[in-house]
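Single-letter residue listing:
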Protein chains: 4
Amino acid sequence: MDLSVEKGAKGFEFKVKDMSQADFGRLEIDLAEVEMPGLMSCRTEFGPSQPLKGARVTGSLHMTIQTAVLIETLTALGAEVRWCSCNIFSTQDHAAAAIARDSAAVFAWKGENLQEYWWCTERALDWGPGGGPDLIVDDGGDATLLIHEGVKAEEAYAKDGTLPDPTSSDNPEFQIVLSILRDGMKVDPKKYHKMKDRLVGVSEETTTGVHRLYQMQANGTLLFPAINVNDSVTKSKFDNLYGCRHSLPDGLMRATDVMLAGKVVVVCGYGDVGKGCAAAMKAAGSRVVVTEIDPICALQATMEGLPVLTLADVVETADIFVTTTGNKDIIMVNHMRRMKNNAIVCNIGHFDNEIDMLGLETYPGVKKITIKPQTDRWVFPETKTGIIVLAEGRLMNLGCATGHPSFVMSCSFTNQVIAQLELWKERKSGKYGKEVYVLPKHLDEKVASLHLEKLGAKLTKLTDDQAKYINVPKDGPYKPSHYRY
Amino acid sequence: MDLSVEKGAKGFEFKVKDMSQADFGRLEIDLAEVEMPGLMSCRTEFGPSQPLKGARVTGSLHMTIQTAVLIETLTALGAEVRWCSCNIFSTQDHAAAAIARDSAAVFAWKGENLQEYWWCTERALDWGPGGGPDLIVDDGGDATLLIHEGVKAEEAYAKDGTLPDPTSSDNPEFQIVLSILRDGMKVDPKKYHKMKDRLVGVSEETTTGVHRLYQMQANGTLLFPAINVNDSVTKSKFDNLYGCRHSLPDGLMRATDVMLAGKVVVVCGYGDVGKGCAAAMKAAGSRVVVTEIDPICALQATMEGLPVLTLADVVETADIFVTTTGNKDIIMVNHMRRMKNNAIVCNIGHFDNEIDMLGLETYPGVKKITIKPQTDRWVFPETKTGIIVLAEGRLMNLGCATGHPSFVMSCSFTNQVIAQLELWKERKSGKYGKEVYVLPKHLDEKVASLHLEKLGAKLTKLTDDQAKYINVPKDGPYKPSHYRY
Amino acid sequence: MDLSVEKGAKGFEFKVKDMSQADFGRLEIDLAEVEMPGLMSCRTEFGPSQPLKGARVTGSLHMTIQTAVLIETLTALGAEVRWCSCNIFSTQDHAAAAIARDSAAVFAWKGENLQEYWWCTERALDWGPGGGPDLIVDDGGDATLLIHEGVKAEEAYAKDGTLPDPTSSDNPEFQIVLSILRDGMKVDPKKYHKMKDRLVGVSEETTTGVHRLYQMQANGTLLFPAINVNDSVTKSKFDNLYGCRHSLPDGLMRATDVMLAGKVVVVCGYGDVGKGCAAAMKAAGSRVVVTEIDPICALQATMEGLPVLTLADVVETADIFVTTTGNKDIIMVNHMRRMKNNAIVCNIGHFDNEIDMLGLETYPGVKKITIKPQTDRWVFPETKTGIIVLAEGRLMNLGCATGHPSFVMSCSFTNQVIAQLELWKERKSGKYGKEVYVLPKHLDEKVASLHLEKLGAKLTKLTDDQAKYINVPKDGPYKPSHYRY
Amino acid sequence: MDLSVEKGAKGFEFKVKDMSQADFGRLEIDLAEVEMPGLMSCRTEFGPSQPLKGARVTGSLHMTIQTAVLIETLTALGAEVRWCSCNIFSTQDHAAAAIARDSAAVFAWKGENLQEYWWCTERALDWGPGGGPDLIVDDGGDATLLIHEGVKAEEAYAKDGTLPDPTSSDNPEFQIVLSILRDGMKVDPKKYHKMKDRLVGVSEETTTGVHRLYQMQANGTLLFPAINVNDSVTKSKFDNLYGCRHSLPDGLMRATDVMLAGKVVVVCGYGDVGKGCAAAMKAAGSRVVVTEIDPICALQATMEGLPVLTLADVVETADIFVTTTGNKDIIMVNHMRRMKNNAIVCNIGHFDNEIDMLGLETYPGVKKITIKPQTDRWVFPETKTGIIVLAEGRLMNLGCATGHPSFVMSCSFTNQVIAQLELWKERKSGKYGKEVYVLPKHLDEKVASLHLEKLGAKLTKLTDDQAKYINVPKDGPYKPSHYRY
């Protein structure tokens, strides 16, 4: 892709695959709005008062149809927005086109390479000479990481003229980050400091990004306030669980058309994502095996009738392998070459290091046959048998299908909107320091409430007497903070 | 599409969408073979003796990747093959291209109009001056119907010169059939008589086609022997049930990306197809409502925790409607205009008359917005709300997704191969008259056996003593013919 | 138990455990009536015309609360009734007491020994000097067997004075049957001939009994007409499947209180009973393994996500074993001594020869510890570990719990009533010969209909046009006879 | 029951139903030990060092077989124990007999009245002149309550001679508590002060008791340290959820034998207990309706396909009602009299005020018919129809069945043992103040670990590199404290 910024009729900068898909994108956005009552309710409740007026929001989050509804909710509340995807395969090109044409700056297309990916991230953060964004909507933490690495590099440079050195890392992706920082330094050696100074805060979407933030908080290196949206109940217990229950079979079906009934499926990790995956596969008639490190999650799996084994126990007999751990080095090339012919290997965790793609790519004599984009068969020279890897080891539900459906993303994204509103409202109050926060329970409950009517659900109301008896306010919050749902 | 027959490098006639997709088709056929142990086992067992040598087979059955493996099994057993799809939306164009290039004559593409559809059917039956096919593989019975209607028309013509009159029917599709017959009559007024005389028999795939055959048998109008493959247990209790359990959510997801959890889904009909659909939706977290005419099937639904109601009870509150009845006039336009905004309406039964598409298309002021092929939103003028109709009311799993997965189709198609072998082997023995037959139970059990190893299943063997005690042969068949599984 | 016949206030002969439980039995019968709409509807429809007036009915069928409602339906229709249980552990003593006091002659108590069991069967058949019953309601076929063996013995005796010789069999139970016949011969050497001559027919309840009948029909030894109630859809697809889904966990819980979640449960046999058992255990969070001889049933299990293995594969690792096969010698003592400590072994098939109780009882050094009635721990001398056997290898759901619940038994028993009515009505018409019959489909559908309203189900009605299109009568029957549901 | 304390052969005081059941109890305790690996592992690990030597433990917790294993684990670790049940119907008399004979003082029988209940509680707390217990194992908080009320009463008395006045409360049970305190005051007006002074702490088992403790903590009235065992993940996410999934159908079946399939079941409350109940009923083929006040829990229900409605919506059409809320006044007499004939009403929450038993008992003209103990039919005078109330509105799984199975109770009770060990070990360190604590996560994970092997589960081990990457210790704890599982 030619990396130049274009500008649309309404003046939004963009780099997308194909602007002619904007109409198609708009039609699907219209459908999605009906399925996203939380976001639409935010527009109704907050739109008139324009509470995000004046706020520049940068988003780094899968540029899908659902995200389009999020973006247009932010703009409906007054924000200016620039957006990129947080995964090279997760953009829906028609969604990107519609937003770029109608509502915000977008830099995203399905099938970026890593160089392009980070260029897009830079563009989304690039608000011109006046500094960076006021707010960030992050998913996985790449926008946040770039700023933190940028500030670190600038400090080193200020101290003694040291420039970032891409050869100092053996991680190819981080080498690209360092190159970008090095090249940027030559133009403006204070760019990320300015960005950091302006930044009001970030709201982070996913387990992995939140994990990074808590590590920075623990190390004292976090540069601005962060709201952990992932751990809103209405996010982690819905999007992670029910979203994956929906999108794992969807991705498997679209990528491979394989019959799920009767197959042995190994789900690595039994957190919320793993629970959703295991439930979906069991429901489809597969025999599910779970691998776990955590004895509590392992015991939960057993109570659901799922055997808990190690990968070594089943690597030669299973048909489908799904990683959901958030950890790295889960399925290694030495596992893969022992698998059955046409075993399917895929990842639904945020980062692509759960599956040893490097080991696979560099395995002597291995042959890659692309069946179709995001569906590759890798044939090993010794056995002439092959395995099928989805989305090159990246998020298979976004790479091979369209990610989570609108309704559950409405839960997650309503939390995002509320987090953005809160950060912006309190930007001068000092309420939020350089720490990680979760939204208060009454807002979590509110998000849930906004999604009940669409499904025809009717809540029971506490009487005064009952509220007093269990010692909660009549209108909630109804549970102590440690409640696990 | 320009309706002219082309010829490929290997000499097979064809009309397909895009021959450049042949390589892609071949890659997917290779994958499918691994998932179709029954068919591959037929190649191993029967290939060497070429039992179909000399047999001309015409197929009218969804031209998918799975069907490609069926076709190449028939050719591996010695047959010559000509093929068309039995549904205007069900062809996978890459499968058609691969077969047309490598193995057989093919006339099929995704998105035929009805005129094109019947032209393709004619071509598949057209074996040149020497008459028609020896054998037919039929699905829904359109090839069989054309021959029967042809013979009927020729008889009328022979009697008094009457030509088929398209205006005599108010069914637009049947008008086309009559035109074709009328036009053909001018060329050869004995064409279908010659065809019938040559024909050894047909093996029929699906409930609807079988229903037609039994009616012809009852009326004494059946012109040649027919094997009812649908009622092999390894067909109806697997393909219809587990196939639909897989492909209904697949079609819904690909067409609409809608979240299934929390939605109210109405499944009209609780036969094998309806049972599979209801199971899939329940497993996905939907609330399923069943409509039924048969009290036994209705009572089965209740035992699975499904409410049995009439369409009128739920038409205004449900989110998704699926017809599976094999009957007509199930969801009428007067139902559709009362539905919720963006309610999804689709059919997974063989014919497209379960949903009142004519009523919808001719509703005054209705507006059709095509979101993408096979996904249309119809907006009613009174309410400005719309419903989403999939695959124009035709088989949504084939129109919007890729149909049933390979493994379960291997069960069905192994029955087809066995039926074809049987008809051809007994072509002169007089074993089969002009009636409808089912395959004997030992062959049904054999089909099942061929699919167990792939799933790691191990059968228990009867001892002599046990076999004697329950009075069955040690190697089966194990059940009386009335056994219901 | 002292084997003498008593007579109650209303004149019914009986031998039961404790007549003081009659009030308790009546209370539970009252509850059951509300759950048995099919039977109650028979009383309403047929009661006024007394169609069983003059008919003597002998029943050999588990003397439970549900059976009590059946018996009182038969008497409400005019019949005289004598009853015994068809299993030594299946009587509910309060049900027996209530019936004996109020409605019919009863010979049954929980915990009969085999001698007592056959004494009870004799009593139920003993209608005094005028010969035997007109009709039999049989379950498992023991009443039918006794008559057939009796006739055979009488013929041998008539021929050459041969008396039945108990030592000619090595089956302890059959030895008892022969003793009874031998002793009876001395009193009346034509007793069973008279019985046979009077008998109009039998309606048989269960798979095993039906199997016996078909064997007799095949051998030409069947002495009177038989209606196979088991193969009414509303029996085998409901009672066998959903009844066992309910009563297997019930029996396990009452007998052992063991946690089902997390356990490995082996279900031997995947017919209707096995399907119900497997579904129940899977639903309870167990990991289910199936053993099967029939490849079709085995393939069904795989499609439900259940591994199909042999008993040898899992005998050392599984926690619970359930036999459902209707065959013999399924779990042998050599299996049992390899099982885990406190593995649970039980049978839900009709006869007690699925589990090798004889092998267990005679295993050298084995020790039996009765935890409570019907729950025994057997300790092997080598390992000092034990297994827990339920109901001494007999029907565990009736031995350890109360059998199937009323609602599903109402389906089965309504078929019984209809069968009895039919046999009696046609007693002189010659409609039924010495063969096995099933009820016509319209009666099967009627039984289902009678059970829908209780569950709030509403049927859809066919239009004339729809009925014509699918070629069925508007009011049914709706399916061809080979339809499998 | 004559309220006098007896003394057994080994010197333990007791009041139980029937000492002759001690052998039966011992047999079932032996079985339970095999199913309670966590407790048995505590005996192995801690038994030799006798860490509870010198500790007097009073328990107020359902005196079941599982509790017997807990008690004998405490005594195996060196403790002296006195025990009572925390529910009038929950004692298993054979368990009580075995413990009273062999291991500890016991005051408990099935079917206490409230006067007897509190007498038993007093006895369990009565360690003679030397003061009360060192430690309490509480379930629901009644032992804790009695001490707190006792101290409060003694303070009032010390201040101005005020005696507790039973007539000051309109709650009949609390009147009894006040009588006991009043009567005790005459004997020793410092009894509860001495008790409080000696007390090291309490470990509380259940949601309701924990709720009381947090309220006391918030009010500053908590008199001693408390460990909240309920909120260990291995308790609330196992016992509450999977325990109830097991014991709700068990209780329904034993009490009523009603067919669950096809019935409409209303589950009031969708917390952990409600989730377990709903899962069980859905799995049994019922149609489940949920009522909820909390929008998050309500949204969870919808995602599982369960309609969320109010009680008013379904009161006339549902078949079974289960309360799980922990709140009061859930099902009122005005609901009950509108229910269908023989609707079943039961409670599985800790206290009996979820169902308006008082309203029912005092309803003019209502008639109570006891079917069997804990199963009563209440007939309303207007309609002559009745409802069936289980366990008089108390915990139906303990009143009508045997409570939760051993395996899941082993998880809960291992937490209890660990909590008792911790309180006793730290009794002088000042580590615990007058607050409510939860056990640290590493102990929670340990409890889970102890239960995996029994189920054949195998954990995966983190590599050093992986542990570093996700920033957790290799051996856990693996999750942040806010993780919800």
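This one's a predicted model, so the numbers in the text were calculated from it and none came from an experiment.

About the cut-offs
The residue numbers shown here count from 1 along each chain, following its written sequence. For this description, chains carry letters from A and ligands carry numbers from 1, given in the order in which they are written. The model is predicted, so local features are restricted to residues of pLDDT at least 70 and side-chain atom pairs to those at 80 or more, both for listing and for counting; the totals for chains, interfaces and linings are taken over all residues. Working from all heavy atoms in the structure, the side-chain values ignore hydrogens and water. Put simply, DSSP H or I for four residues or longer makes a helix, DSSP E for two residues or longer makes a strand, and each gets a number counted from the N terminus. For the radius of gyration, the atoms used are the C-alpha atoms, and the globule rule reads 2.2 Å times the number of residues raised to 0.38. Each residue is placed in one exposure class: buried if its accessible area under a 1.4 Å probe, protein chains only, is under 20% of its type's maximum, exposed if it is over 50%, and partly exposed if it falls in between. Contacts are assigned to residue pairs with any non-hydrogen atoms lying within 4.5 Å of each other. All accessible-area figures derive from a Shrake-Rupley calculation using a 1.4 Å probe, and residue coverage is judged against the displayed protein chains alone. Note: two strands are recorded as paired if DSSP finds a minimum of 2 bridges between them. Accessible surface is computed with a 1.4 Å probe, and the buried area is the amount of it that two parts give up when combined, taken over both parts together. We count a salt bridge whenever a side-chain nitrogen from Lys or Arg sits within 4 Å of a carboxyl oxygen from Asp or Glu. Note on geometry: axes are lines fitted to C-alpha atoms, helical ones only across the stretch in contact, with angles between N-to-C directions running from 0 to 180 degrees. In protein, a polar contact requires one atom able to donate a hydrogen and another able to accept it; more generally it is a pair of N or O atoms within 3.5 Å, and residues adjacent in sequence count only if both atoms are side-chain atoms. Note on residue classes: Ala, Val, Leu, Ile, Met, Phe, Trp, Tyr, Cys and Pro are nonpolar, Asp, Glu, Lys and Arg are charged, and everything else, Gly too, is polar. Throughout, disulfides are identified as pairs of cysteine sulfur atoms within 2.5 Å of each other. When the copies are superposed, the least-squares fit takes in the C-alpha atoms of residues with a pLDDT of at least 70 in both. UniProt positions are given in the numbering used here, feature names are shortened, and annotations may be inferred rather than shown by experiment. When the centres of two rings from Phe, Tyr and Trp lie within 6.5 Å, Trp using its six-membered ring, the rings pair. Their planes under 30 degrees apart give stacked, over 60 give edge-to-face, and anything left gives tilted.

(A) Molecular detail of the overall build of chain A. Summing up its helical and strand segments, chain A has 19 helices and 16 strands in all. The globule rule puts the C-alpha radius of gyration for 485 residues at 23 Å, and the 23 Å found for chain A is close to it. Projected onto its principal axes, the C-alpha coordinates of chain A cover approximately 70 × 65 × 45 Å. Counting across all 485 residues of chain A, residues that qualify as buried make up 68%. At a minimum sequence separation of 6, the contacts of chain A that also span at least 24 residues come to 71%. Split by element, the accessible area of chain A, about 15900 Å² in all, is 52% carbon and sulfur.

(B) Region of interest: the sheet that holds strand E1 (residues 6–7) of chain A. All names here are of chain A. An order of E1-E2-E5-E4-E3-E6-E7-E8-E16 is seen for the nine strands of this open sheet, with the pairing classed as mixed. With one partner strand each, in any of the chains shown, E1 and strand E16 (436–437) form the two edges of the open sheet. Where strand E4 (residues 80–84) meets strand E5 (residues 105–107), three bridges bridge the pair, whose relative direction is parallel. Bridging across to E5, Trp 83 finds its partner in Val 106.

(C) Layout of the interface of chain A and chain D. The partner chain D presents 66 residues to the 66 residues of chain A that form the contact. Across the chain A/chain D interface, buried area totals approximately 6300 Å², and carbon plus sulfur atoms make up 59% of it. Scanning the region where chain A abuts chain D turns up eight salt bridges. Elements represented by at least two residues in the side of chain A that touches chain D include exactly helix H9 (207–219), helix H10 (233–256), helix H11 (272–283), helix H12 (295–303), helix H17 (406–425), helix H18 (441–449) and helix H19 (464–470) of chain A.

(D) Region of the structure containing the sheet that holds strand E4 (residues 80–84) of chain D. All names here are of chain D. Spatially, the nine strands line up as an open sheet ordered E1-E2-E5-E4-E3-E6-E7-E8-E16, and their pairing is mixed. Looking at the sheet topology across the chains shown, the edges are occupied by strand E1 (6–7) and strand E16 (436–437). Two elements, strand E3 (residues 56–60) and E4, share five bridges in a ladder whose sense is parallel. Each bridged residue has a counterpart across the sheet, and for Arg 56 the counterpart in E4 is Glu 80. Contacts between helix H5 (residues 114–125) and the sheet are confined to strand E2 (13–15), E3, E4, strand E5 (105–107) and strand E6 (135–138), with E4 contributing the most and set at about 170° to the helix. Contacting E3, E6 and strand E7 (201–204), helix H6 (residues 142–160) crosses the sheet at an angle of about 125° to E6.

(E) Main features of the pairing of strand E11 (residues 320–323) of chain D. All names here are of chain D. Neither face of E11 is exposed, since Ile 320 and Val 322 on one face and Phe 321 and Thr 323 on the opposite face are all buried. In this structure, strand E9 (residues 264–268) lies alongside E11, joined through four bridges in parallel fashion. Across the sheet, residue Val 267 finds its bridge partner in E11, namely Val 322. In the sheet, E11 pairs with strand E12 (residues 343–347) via four bridges, with the strands oriented parallel. Looking at E12, one finds that Ile 320 is bridged to Ile 344.

(F) Up close: the interface of chain C and chain D. Chain C puts 39 residues into the contact, and the matching count from chain D is 39 residues. Regarding the contact of chain C and chain D, the summed buried area is about 3400 Å², with carbon and sulfur atoms giving 59% of it. On the chain C side of the interface with chain D, the three residues burying the most area are C:Leu31, C:Asp257 and C:Met259, jointly 19% of the side's total. Residue D:Glu28 pairs with C:Lys372 through a salt bridge whose shortest N-O separation is 3.9 Å. In this assembly, chain C and chain D are joined by ten residue pairs in polar contact (both at pLDDT 80 or more). Secondary structure elements with two or more residues in the side of chain C that touches chain D: helix H1 (22–35), helix H10 (233–256), strand E13 (367–372) and helix H17 (406–425) of chain C. Residue composition of the side of chain C that touches chain D, by class: 19 nonpolar, eight polar and twelve charged.

(G) Local environment of the state of the cysteines. The tally for this structure, following the rule as stated, stands at zero disulfides over all chains. Cysteine A:Cys42 is unpaired, with the sulfur of A:Cys411 as its nearest cysteine sulfur at 11 Å. In this model A:Cys297 remains outside any disulfide bridge; the closest cysteine sulfur is found in D:Cys411, 14 Å from its own. By relative accessible area, which is 0% here, A:Cys297 ends up buried.

(H) Layout of the relation of the copies chain C and chain D. Mapping chain C onto chain D calls for a rotation angle of 180° and an axial translation of 0.0 Å; the resulting RMSD is 0.0 Å. What the rotation and shift describe, once combined, is the action of a two-fold rotation axis. Relative to the rotation axis, the closest C-alpha in chain C is found at C:Ala283, a distance of 2.7 Å. Both copies present the same face, since 100% of the interface residues in chain C are matched by interface residues at the equivalent positions in chain D.

(I) Quick peek at the UniProt feature "binding site: substrate" (unreviewed entry) in chain A. Residue and element names in this part refer to chain A. As annotated by UniProt and renumbered to match this structure, "binding site: substrate" (unreviewed entry) occupies Thr 64, Asp 139, Glu 205, Lys 235 and Asp 239. Note that Thr 64 resides in the loop between strand E3 (56–60) and helix H3 (65–76). The contact partners of Thr 64, leaving out residues within four places of it in the chain, are Ser 90, Gln 92, Ala 95 and Leu 398. When its relative accessible area of 4% is taken as the criterion, Asp 239 is described as buried. Sequence-distant contacts of Asp 239, that is, excluding residues within four places in its chain, are made with Glu 205, Cys 244, His 404, Val 408, Met 409 and Ser 412.

(J) A look at the packing of aromatic side chains. Applying the stated criterion across every chain yields a total of 24 aromatic pairs over all chains. Each ring, one from C:Tyr432 and one from C:Tyr437, has its centre 4.7 Å from the other, and the planes form 80°; the classification is edge-to-face. Its relative accessible area of 16% is what places C:Tyr432 among the buried residues. With relative accessibility at 19%, the residue C:Tyr437 sits in the buried group. Aromatic side chains D:Phe238 and D:Tyr242 sit 5.8 Å apart centroid to centroid with 55° between the ring planes, which places their arrangement in the tilted category. Of this pair, D:Phe238 and D:Tyr242 both sit in helix H10 (residues 233–256), four residues apart, which is roughly one turn of that helix. Taken as a pair, D:Phe238 and D:Tyr242 share a single burial class, namely buried.

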